[in-house]
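One letter stands for each residue in the lines below.
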Amino acid sequence: MNPVLSAWNEASEVAALDAMLACCSARRWAQPMVALRPFEAVETLSLTADEVWGTMEEADWMEAFASHPRIGERKTAPQPTRLATWSEQEQLGASSAGNDVLAQLAAGNSTYEQRFGFTYIVCATGKSADEMLRILERRLGNDRAAELREAAEQQRQITQIRLRKWLME
């Protein structure tokens, strides 16, 4: 068994919840994940994470989205947290972008938030700033319902990546 998973299975409820909230900040997702312990295998944890995410509603998605920095920006924290570190790693493609692309992302983020009412969420791992900008521009053509579903799917993908990172600590 994965040693991180094994330790988490035995951890206090508070510690276990903190670990899940770092992967996805929607409490209605994290709490059942903790309640469903123990998990015998990483694959079971991953499948359960998707199943639980599939039961979430708009308020839960919004709670998860709120923890993300805007693409091309960084939320500054007095102490680096696991979540902040992971967000920074995920957005590495934006860190080398030129000022023009960063300005376009900032403008696009603003337009997106005004149009949809939440932060632009994209699974940024492995994507360049230019690619994230193209995705943003395409998604601005969605209606709110379609975009909410797309953003929720992007959050699901991000959560899976973060679960894998956590299990490798």
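Predicted model only: the values in this text are computed from it and were never measured. (Residues numbered from 1 in each chain as written. Predicted model: local features only at pLDDT ≥ 70, side-chain atom pairs only at ≥ 80, totals over all residues. Heavy atoms only, no water.)

A. Focus on the packing of helix α2 (residues 13-23) against helix α3 (residues 27-35). Two elements in contact, α2 and α3, have axes whose closest approach is 9 Å; the angle formed by their N-to-C orientations is 135°. It follows from the interaxial angle that α2 and α3 lie oblique. Handedness of the α2/α3 crossing: right-handed. Residues Glu13, Ala16, Leu17, Met20, Leu21 and Cys23 of α2 form the contact with α3, whose participating residues are Arg27, Trp29, Ala30, Gln31, Met33 and Val34. When its residues are assigned to classes, the contact of α2 with α3 shows 9 nonpolar, 1 polar and 2 charged. (Axes fitted to C-alpha atoms, helices over the stretch in contact; angles between N-to-C directions. Helix = DSSP H or I, 4+ residues; strand = E, 2+ residues; numbered from the N terminus. Parallel < 35°, antiparallel > 145°, perpendicular 65-115°, else oblique. Left-handed = near helix turned anticlockwise from the far one by under 90°. Contact = heavy atoms within 4.5 Å. Nonpolar A, V, L, I, M, F, W, Y, C, P; charged D, E, K, R; others polar.)

B. Structural context of helix α8 (residues 99-116). The end-to-end C-alpha distance of α8, which contains 18 residues, comes to 25 Å, matching closely the 26 Å that a straight helix rising 1.5 Å per residue would cover. Considered for burial, the residues of α8 that qualify are Val101, Leu105, Gly108, Asn109, Tyr112 and Phe116. Axial view of α8: buried residues confined to an arc of 110°, hence all on one face. The exposed residues of α8 that point more than 90 degrees off its buried face are Asn99, Asp100 and Gln114. Looking at the buried positions of α8, the neighbouring elements they touch are α9 (129-139) and α10 (144-167). Just beyond α8, the residue with positive phi is Gly117, at close to 85°. (Expected span 1.5 Å × (residues − 1). Buried < 20%, exposed > 50% of the residue type's maximum accessible area, 1.4 Å probe, protein only. Arc of directions from axis to C-beta.)

C. Just the side chain of Glu147, in detail. Following the sequence through the fold, Glu147 ends up in helix α10. Residue classification places Glu147 among the buried positions, given a relative accessible area of 0%. Looking at Glu147, its side chain comes within polar contact range of the side chain of Asn142, at 2.7 Å. Excluding anything up to four places from it in sequence, Glu147 contacts Tyr112, Phe116, Phe118, Arg139 and Asn142. (Polar contact = N/O pair within 3.5 Å; in protein donor to acceptor, adjacent residues only side chain to side chain.)

D. Structural context of the confidence of the model for the protein. Looking at the protein as a whole, the pLDDT averages 91, with 89% of positions reaching at least 70. Across residues 75-79, where pLDDT falls below 50, the model places 4 contacts with residues more than four positions away in sequence or in other chains. (pLDDT = per-residue confidence, 0-100.)

E. Layout of the packing of aromatic side chains. For the coordinates displayed, the defined rule picks out 7 aromatic pairs. Put simply, the rings of Phe65, Tyr112, Phe116, Phe118 and Tyr120 pair up and form one aromatic cluster. Between Arg37 and the ring centre of Trp8, over which it is positioned, the NZ or CZ distance is 5.5 Å. (Phe/Tyr/Trp six-rings, centres within 6.5 Å; stacked < 30°, edge-to-face > 60°. Lys NZ or Arg CZ within 6 Å of the ring centre and 35° of its normal.)

F. How the structure looks around unusual backbone geometry. The amide bond that connects Arg37 to the next residue, Pro38, takes the cis arrangement and shows omega of 0°. Among the secondary structure elements, Pro38 is positioned in the loop between α3 and α4 (42-53).

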